[in-house]
Amino acid sequence: MKKKIAVLTGAGVSAESGISTFRDSGGLWDNYNVEDVASIDGWYRNPGLVLDFYNTRRKELASASPNAAHLAIAGLEKDYDVTVITQNVDNLHERAGSTRIIHLHGELTKVRPEDSCNDRDGFSEAKVFDIGYGEIHLGDLSPDGVQLRPHIVWFGEAVPKIESAIDAVEAADILLIVGTSLQVYPAAGLYRYAGRNTPIYIIDPKDVPAYDRRITHIRNVATAGMEEFRRILERQKAD
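Thresholds, definitions, all that
- Within any chain, residue numbers begin from 1 and follow the written order of that chain's sequence.
- Local features are withheld for residues below a pLDDT of 70 in this predicted model, meaning they are given only at 70 or higher, and side-chain atom pairs are given and counted only at 80 or more; totals for whole chains, interfaces and linings count all residues.
- As a rule here, side-chain values cover all heavy atoms of the structure and leave hydrogens and water aside.
- What makes a salt bridge here is a side-chain nitrogen of Lys or Arg within 4 Å of a carboxyl oxygen of Asp or Glu, nothing more.
- Here the term buried applies to any residue with accessible area under 20% of the maximum for its type, exposed to any over 50%, and partly exposed to those in between, with areas from a 1.4 Å probe on protein chains only.
- Two strands qualify as a pair provided DSSP detects at least 2 bridges between them.
- The secondary structure listing takes helices from DSSP runs of H or I that are at least 4 residues long and strands from runs of E that are at least 2 residues long, numbered from the N terminus.
- Axes, fitted as lines to C-alpha atoms, cover a helix only where it is in contact. Angles between the N-to-C directions of the axes lie from 0 to 180 degrees.
- Every residue pair with non-hydrogen atoms within 4.5 Å of one another is taken to be in contact.
- Two aromatic rings, drawn from Phe, Tyr or Trp (for Trp, its six-membered ring), form a pair once their centres lie within 6.5 Å of each other, and the interplanar angle then sorts them: stacked below 30 degrees, edge-to-face above 60, tilted otherwise.
- Criterion for a charge above a ring: Lys NZ or Arg CZ within 6 Å of the ring centre, and within 35 degrees of the ring normal.
- Cavities and pockets are found on a 1 Å grid laid over the protein atoms alone: a cavity is a set of points where a 1.4 Å probe fits but cannot escape, a pocket is an open set with protein on both sides within 12 Å along at least five of seven lines, and a lining residue has an atom within 4 Å of such a point.
- Grid points are joined across faces, edges and corners, and a volume is the space filled by probe spheres set on the points.
- Residues are sorted three ways: Asp, Glu, Lys and Arg are charged, Ala, Val, Leu, Ile, Met, Phe, Trp, Tyr, Cys and Pro are nonpolar, and all the rest, Gly among them, are polar.

1. Examining the pattern of salt bridges
Here is step 1 of the chain: Applying the stated rule across the entire model yields 10 salt bridges.
Here is step 2 of the chain: One salt bridge connects Lys 110 with Glu 107, and the closest N-O pair in it is separated by 3.3 Å.
Here is step 3 of the chain: We classify Lys 110 as partly exposed; its relative accessible area is 23%.
Here is step 4 of the chain: Judged by relative accessible area, Glu 107 falls into the buried class, the value being 14%.

Here it is as structure tokens:
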């Protein structure tokens, strides 16, 4: 039976594909107020601004490609049972070949009616559909006549798939964290659900808090860090 690896990814795994990050200097938050474009209150205040913001993000995504880190994560499936838990809303993991992906914060290429907002019980997946890299605007309605909104989990909304992510981390033999600052909850607390003897690897070029004695910090960008992680796995198999 293959060992299970849970891979938690954040913006850093897609940065080398040219996808703008939010928190780093020069990131998207330098140009936008998070409350305006990434909160449910922002949607209620100015849905046109929010739609334009995500239309632009989709256009950027259309010209981006998976990088070596995405491909390396997908390649782990050859020898391991891999579940990718991503905070990213891009589709680069899918395009790289990963087959089991939990999108905690939604998916950029999908939309749903605005009356199916996130709540404690989540939303109806039957009402979610893919628009690829197209645009949506005010007046674009679902088949039942409701304004369409991005299929994104915004600040102020529940994270319906967090329980599935917790299950994947609890079941993992190895937890790998790539390119996330571990600042956005509830995702930032997922590592706490790893088993007592489960090794945790964090790939990030910046300092990370020493949360746990099990953590091995691979201080590098995602692409180079994944190469180092694969070498670690190869050494472990050889021992």
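2. Brief notes about the sheet that holds strand 7 (residues 174-178)
Here is step 1 of the chain: Pairing within the open sheet is parallel, and its 6 strands lie in the order 3-2-1-7-8-9. Each end of this open sheet is capped by a strand with a single partner; those strands are strand 3 (101-103) and strand 9 (215-218). Pairs of neighbouring strands in the sheet enclose a mean axial angle of 15°, with direction left out of account.
Here is step 2 of the chain: Pairing between strand 1 (residues 4-9) and strand 7: 5 bridges, direction parallel. Each bridged residue has a counterpart across the sheet, and for Ile 5 the counterpart in strand 7 is Ile 174.
Here is step 3 of the chain: Each of strand 1, strand 7, strand 8 (200-203) and strand 9 touches helix 8 (residues 222-238); the most contacted strand, strand 8, lies at about 155° to it.

3. Focus on the packing of aromatic side chains
Here is step 1 of the chain: Taken as a whole, this structure holds 4 aromatic pairs when the rule is applied.
Here is step 2 of the chain: On the basis of an interplanar angle of 70° and a centroid distance of 5.3 Å, the ring pair of Tyr 201 and Phe 229 is categorised as edge-to-face. On the criterion of sequence distance, the pair formed by Tyr 201 in strand 8 and Phe 229 in helix 8 is long-range, its members being 28 residues apart.
Here is step 3 of the chain: Judged by its relative accessible area of 7%, Tyr 201 is buried.
Here is step 4 of the chain: Members of the aromatic cluster, each reached through a chain of ring pairs, are Trp 43, Phe 53, Tyr 54 and Trp 154.
Here is step 5 of the chain: Seen from the ring of Phe 53, Arg 57 lies directly overhead, with NZ or CZ sitting 4.5 Å from the centre.

4. Some thoughts on the sheet that holds strand 5 (residues 129-130)
Here is step 1 of the chain: Ordered in space as 5-4-6, the 3 strands form an open sheet in which the pairing is antiparallel. Of all the strands in the sheet, just strand 5 and strand 6 (148-152) have a single pairing partner and so form its edges.
Here is step 2 of the chain: Pairing of strand 4 (residues 106-113) with strand 5 involves 2 bridges; the strand directions are antiparallel. Bridging across to strand 5, Val 111 finds its partner in Phe 129.
Here is step 3 of the chain: Helix 4 (residues 47-62) rests against strand 4 and strand 6 of the sheet, and its axis sits at about 140° to strand 4.

5. Looking at the layout of surface pockets
Here is step 1 of the chain: When its volume is computed, the second largest pocket comes out at roughly 170 Å³.
Here is step 2 of the chain: Counting residues per element, the ones that place at least two in the lining of the second largest pocket are helix 5 (68-75) and helix 8.
Here is step 3 of the chain: Considering every element that reaches the lining of the second largest pocket, the biggest residue donor is helix 8, with 4 residues.
Here is step 4 of the chain: In terms of residue class, the lining of the second largest pocket is made up of 4 nonpolar, 1 polar and 5 charged.

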